[in-house]
2 protein chains.
Amino acid sequence: MSTNITDISVQPSTELFIKMVVSNWELQNSRVNGLLDKLTDEELATETAPGRNSGVYLLGHLTAVSDGMFTYLGLGERLYPQLDHIFLKNPEDAGLDKPSLAELKEYWTKVNEVLTEKMNAMQPDDWFKPHSAIALDAFEKEPHRNRLNILINRTIHQGYHIGQLVYLVKK
Amino acid sequence: MSTNITDISVQPSTELFIKMVVSNWELQNSRVNGLLDKLTDEELATETAPGRNSGVYLLGHLTAVSDGMFTYLGLGERLYPQLDHIFLKNPEDAGLDKPSLAELKEYWTKVNEVLTEKMNAMQPDDWFKPHSAIALDAFEKEPHRNRLNILINRTIHQGYHIGQLVYLVKK
């Protein structure tokens, strides 16, 4: 008797859930990296659409948001908290001094490297603890708002800005 | 003794994990709906950036991709398979006849309504079965490529195009 693929099921495990979420996050990171490899510095400095954020600003923004995950996930000190002022709390047209593109690329790579290392060292159950920005009573009512959920949310956020960054690729 | 929030953990359950993924999908749907409410028909007919897809094309594209989930998740017949030819297999500049915006909005709403109903009727373990497009030997090696993973992937895909649709909102 042959096995029918629709009869197969894998017993869901905590490790499997984590693998699903982390692999999707890694996929989005690799898409950003693919764009960084493909686009010239000049293209990255360009607006993604008229009057919209440049590639450089979006790279700083994505780096700041990923760096913020050290706090949300309880993984210790952030690497580049100074990015928030420039890339999260203020829009690009505030005209603040930005790090160079070379520096931003280095920060982006470093944040992902250290984050990956620390996430790999987490105990599976740690992912199901509340993240740092949720109040205890809210978490008791909505226990799905845990650390793994933050990673899902940040992965979607990366997808959102990748959709804008691709507009820098010439047709 | 008071409870320290970082000591709290919720036993990860299959139901909790499904809730995390489905609620993120619903959040992206509600963002699309918010944009559809906010943008005029004229704005939706506009290109999201010079030479890029219009809002109408992206709405058709998102509807076609969500409609495709009936197949991937083993939830029966698709509602609007005819959309694939116009919004998935051909680019907008192929100049194919499109349904009207009113029709596309209706299809989008209907797909999400029926999909939500059918997803809610799934048994938790069903989500961990292989999706319809993966081969048995591939699934045995990579059991995280299940139906719930398709929903994560499609949620990120929605985020990607929402990042483009927001460019239709006047600053």
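Scoring rules and cut-offs
- Residues numbered from 1 in each chain as written.
- Chains lettered and ligands numbered in written order.
- Predicted model: local features only at pLDDT ≥ 70, side-chain atom pairs only at ≥ 80, totals over all residues.
- Heavy atoms only, no water.
- Salt bridge = Lys/Arg side-chain N within 4 Å of Asp/Glu carboxyl O.
- Buried < 20%, exposed > 50% of the residue type's maximum accessible area, 1.4 Å probe, protein only.
- Helix = DSSP H or I, 4+ residues; strand = E, 2+ residues; numbered from the N terminus.
- Axes fitted to C-alpha atoms, helices over the stretch in contact; angles between N-to-C directions.
- Parallel < 35°, antiparallel > 145°, perpendicular 65-115°, else oblique.
- Left-handed = near helix turned anticlockwise from the far one by under 90°.
- Contact = heavy atoms within 4.5 Å.
- Phe/Tyr/Trp six-rings, centres within 6.5 Å; stacked < 30°, edge-to-face > 60°.
- 1 Å grid on protein atoms, 1.4 Å probe; cavity = no way out; pocket = protein on both sides within 12 Å on 5 of 7 lines; lining within 4 Å.
- Points joined across faces, edges and corners; volume = space filled by probe spheres on them.
- Nonpolar A, V, L, I, M, F, W, Y, C, P; charged D, E, K, R; others polar.

(A) Fine view of the pattern of salt bridges. Inspection of every chain in the model, using the stated rule, returns 16 salt bridges over all chains. Among the ionic pairs, Glu 142 of chain A bridges to Arg 145 of chain A, the shortest N-O distance being 2.9 Å. Residue class for Glu 142 of chain A comes out partly exposed when judged on its relative accessible area of 32%. With relative accessibility at 31%, the residue Arg 145 of chain A sits in the partly exposed group. Of the charged contacts in the structure, one is a salt bridge between Lys 105 of chain B and Asp 41 of chain B, with a shortest N-O distance of 3.7 Å. Of this pair, Lys 105 of chain B sits in helix H5 (residues 101-120) while Asp 41 of chain B sits in helix H2 (residues 41-44); the two residues are 64 residues apart in sequence, bridging distant segments of the chain. A single salt-bridge network, built from bridges that share partners, covers Asp 67, Arg 78 and Asp 84 of chain A.

(B) The packing of helix H1 (residues 14-38) of chain B against H5 of chain B, seen in detail. Residues and elements named next belong to chain B. For the pair H1 and H5, interaxial distance at closest approach is 12 Å and the crossing angle is 165°. Looking at the two axes, H1 sits roughly antiparallel to H5. For the pair H1 and H5, the crossing hand works out as left-handed. Across the interface between the two elements, Val 22, Trp 25, Glu 26, Asn 29, Val 32, Asn 33 and Leu 36 of H1 pack against Lys 105, Trp 108, Asn 112, Leu 115, Thr 116 and Met 119 of H5.

(C) Structural detail: the packing of aromatic side chains. Per the counting criterion, the structure on display carries eight aromatic pairs over all chains. Summarising the aromatic geometry, the rings of Phe 17 of chain A and Phe 128 of chain B are spaced 5.8 Å apart at their centres and angled 40° between planes, so their arrangement reads as tilted. Of this pair, Phe 17 of chain A sits in helix H1 (residues 14-38) while Phe 128 of chain B is found in the loop between H5 and helix H6 (136-141), placing the two residues in two different chains. In this structure Phe 17 of chain A comes out as buried when scored by relative accessible area, which is 2%.

(D) Empty space enclosed by the protein, seen in detail. Residues and elements named next belong to chain A. All chains considered together, the criterion is met by two cavities of 30 Å³ or more. In this structure, the largest cavity is lined by Val 32, Leu 35, Leu 36, Leu 39, Leu 44, Gly 55, Leu 59 and Leu 165. Elements supplying a minimum of two residues to the lining of the largest cavity: H1 and helix H3 (55-72). Per-class residue counts for the lining of the largest cavity are seven nonpolar, one polar and no charged. For the second largest cavity, the calculated volume is near 40 Å³. Along the walls of the second largest cavity sit Trp 25, Leu 62, Val 65, Ser 66, Met 69, Arg 154, His 157 and Gln 158, which together make up its complete lining. For the lining of the second largest cavity, the secondary-structure elements that each account for two or more residues are H3 and helix H7 (147-165). At four residues, H3 tops the list of elements feeding residues into the lining of the second largest cavity. For the lining of the second largest cavity, the class distribution of residues is four nonpolar, three polar and one charged.

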